[in-house]
Amino acid sequence: MTSIRNNLQQVRDRIATACAQAGRPADSVQLLAVSKTMPLANVLDAMAGGQVAFGENYVQEGVQKIEALRAWEAEGGRPAQVVWHLIGPLQSNKTRVVAAHFDWVHSVDRLKIAERLAEQRPAELAPLQVCIQVNIDGGASKSGVAPEEALALARAVAALPRLVLRGLMTIPEPVAGFAAQRAVHARARALFEQVRTAGIGGPAFDTLSMGMTADLEAAIDAGSTLVRVGTAIFGAR
Ligand SMILES: *Cc1c(COP(=O)(O)O)cnc(C)c1O
C-alpha cells in the first residue's frame, strides 16, 4: 500500500474512533481529501484507495486538476466518480469558471457571489451544492460572514435557482487542546441548528463542514458532518 492509501486508512480510523467516542454512527461524517498543492498523481492514488470527495483551495489550480483528470480518463484512465469541492476564497471574477467545474462550493460568504454562481451554473449540470462560510471566532483571516448575519444570508441563498444550500462551513483559528477546539466548533453547531430549526434549506441542509487534520476529533464531537483533511492524508505541504 502506498503511504497515501495508508494515511487515508488511518484518517478513516481516526474518524471512526471519534464517532464512536461521540456516540455517533461511523457513516455520519464524510471525509473530504484536501488536495491543494498536490499533483494529480496523488489524487489518483487516493482515488485508488477509495476516496471520492476532493477539496481544492485555489480556483485555477483546482480547475487545472479537474481538467487533467478528465484528460486522464479520456486517455483510458478508469472513469472517476470524483466530487470536487472548492473550499478556498472565491472572488466574483472567478465565479463563472467555478460554476462550470466544481460540484460544491463551501466558501460562499456574500449574496453577490451566490447570485453569480446561480446565474452562471450551466443548465446541463446538476445544481451547485453550496455552504455558507461563517467567521465563527472573528478570526483575523476575515473570510466568512459574521455569525449574526448567517441566517439572513442562508435564507437569501436558499431562494436562488441552480444552487442547493447544503450547510455551513467554518475555518477557526488554530487553538491547542480538545476542549478549546470543541468550544469553537460547538458555536458553529449551535448556529447550524438555528438555521435548520428555522427550516431554511429544508432537508437538503445537512452539512456542517468543520474540522481539519489538527482538530477533527473535536469537530466530530461537536457535530461536524464533513471533515476537510489535507496534511494527514497527503503529507506536509
Ligand atoms: C488546507 C485546508 C484544509 C486542510 O488542512 P490540513 O490541516 O492540512 O488538514 C481544510 N480546510 C481548508 C479551508 C483548508 O484551506
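Up top is the structure these notes are about.
Keep in mind that what you see is a predicted model, and the values were worked out from it rather than measured.

Calculation rules
Residues numbered from 1 in each chain as written. Predicted model: local features only at pLDDT ≥ 70, side-chain atom pairs only at ≥ 80, totals over all residues. Heavy atoms only, no water. Helix = DSSP H or I, 4+ residues; strand = E, 2+ residues; numbered from the N terminus. Rg over C-alpha atoms; globule rule 2.2 N^0.38 Å. Buried < 20%, exposed > 50% of the residue type's maximum accessible area, 1.4 Å probe, protein only. Phe/Tyr/Trp six-rings, centres within 6.5 Å; stacked < 30°, edge-to-face > 60°. Contact = heavy atoms within 4.5 Å. Near = heavy atom within 4 Å. Polar contact = N/O pair within 3.5 Å; in protein donor to acceptor, adjacent residues only side chain to side chain. Areas by Shrake-Rupley, 256 points an atom, 1.4 Å probe, with all protein chains shown as cover. Axes fitted to C-alpha atoms, helices over the stretch in contact; angles between N-to-C directions. Parallel < 35°, antiparallel > 145°, perpendicular 65-115°, else oblique. Left-handed = near helix turned anticlockwise from the far one by under 90°. Nonpolar A, V, L, I, M, F, W, Y, C, P; charged D, E, K, R; others polar. Right-handed = clockwise from strand over helix to strand, strands pointing away. Pairing = 2+ DSSP bridges.

With respect to the overall build of the protein chain
- From N to C terminus, the protein chain includes 9 helices and 8 strands.
- The C-alpha radius of gyration computed for the protein chain amounts to 17 Å, which stays within 12% of the reference 18 Å derived for 237 residues, consistent with globular compactness.
- Each principal axis of the C-alpha distribution contributes one length, and for the protein chain these read about 50 × 45 × 30 Å.
- Across the 237 residues in the protein chain, those meeting the buried criterion constitute 50%.

Brief notes about the packing of aromatic side chains
- According to the stated counting rule, one finds 2 aromatic pairs in the structure shown.
- Each ring, one from F54 and one from W84, has its centre 5.8 Å from the other, and the planes form 40 degrees; the classification is tilted. In this pair, F54 sits in strand β2 (residues 53–56) while W84 sits in strand β3 (residues 83–86), placing the two residues 30 residues apart along the sequence. Like W84, F54 is buried.
- An angle of 25 degrees between the planes, with centres 5.1 Å apart, marks the rings of F192 and F205 as stacked. With a gap of 13 residues between them, F192 in helix α7 (residues 178–197) and F205 in the loop between α7 and β7 (207–209) connect regions that are remote in the sequence.
- Since its relative accessible area comes to 2%, F192 is described here as buried.

Brief notes about the environment of P122
- On the secondary structure map, P122 appears in the loop between α5 (111–120) and β5 (128–133).
- Its relative accessible area of 18% is what places P122 among the buried residues.
- For the pair P122 and L208, spaced 86 residues apart in the sequence, the C-alpha separation amounts to 26 Å.
- Beyond its immediate stretch of four places on either side in the chain, P122 contacts A99, A100 and R162.

Observations concerning the environment of I4
- Mapped onto the fold, I4 is located in helix α1 (residues 3–22).
- For I4, a relative accessible area of 10% puts it in the buried group.
- When the C-alpha positions of I4 and M47 are compared, they lie 10.0 Å apart, and in sequence the two are 43 residues distant.
- Discounting chain neighbours no more than four positions away, the residues touching I4 are N42, D45, A46, I233 and F234.

Structural notes on the site of the ligand
- The environment of the ligand is made up of V34, K36, N57, I87, I171, M212, T213, R228, V229, G230, T231 and R237.
- Between an oxygen atom of the ligand and a side-chain N or O atom of T213, the distance comes to 2.5 Å.
- Between the ligand and R237, the relevant distance is 2.9 Å, taken from an oxygen atom to a side-chain nitrogen or oxygen of the residue.
- Look at the ligand: alone it shows 390 Å² of surface, and the protein chains cover 89% of it.

Quick notes on the packing of helix α6 (residues 150–158) against α7
- As a packed pair, α6 and α7 sit with axes 10 Å apart at the nearest point and diverge in direction by 45 degrees. In terms of orientation, α6 and α7 fall into the oblique class. Note on packing geometry: the crossing formed by α6 with α7 is right-handed. Taking contact as the criterion, the partners of A150, L151 and A154 in α6 are, on α7, L191, Q194 and V195.
- A breakdown of the residues in the contact of α6 with α7 according to their chemical character gives 5 nonpolar, 1 polar and no charged.

Observations concerning the pairing of β2
- Across the two faces of β2 the burial is the same, with A53 and G55 and F54 and E56 all buried.
- Assessed by its sense of winding, the connection that carries the chain from strand β1 (residues 30–34) through helix α2 (residues 40–48) to β2 is right-handed.
- Two strands pair when backbone bridges link them, and β2 and β3 are joined in this way by 4 bridges, in the parallel orientation. Note that in β3 the partner of G55 across the bridge is H85.

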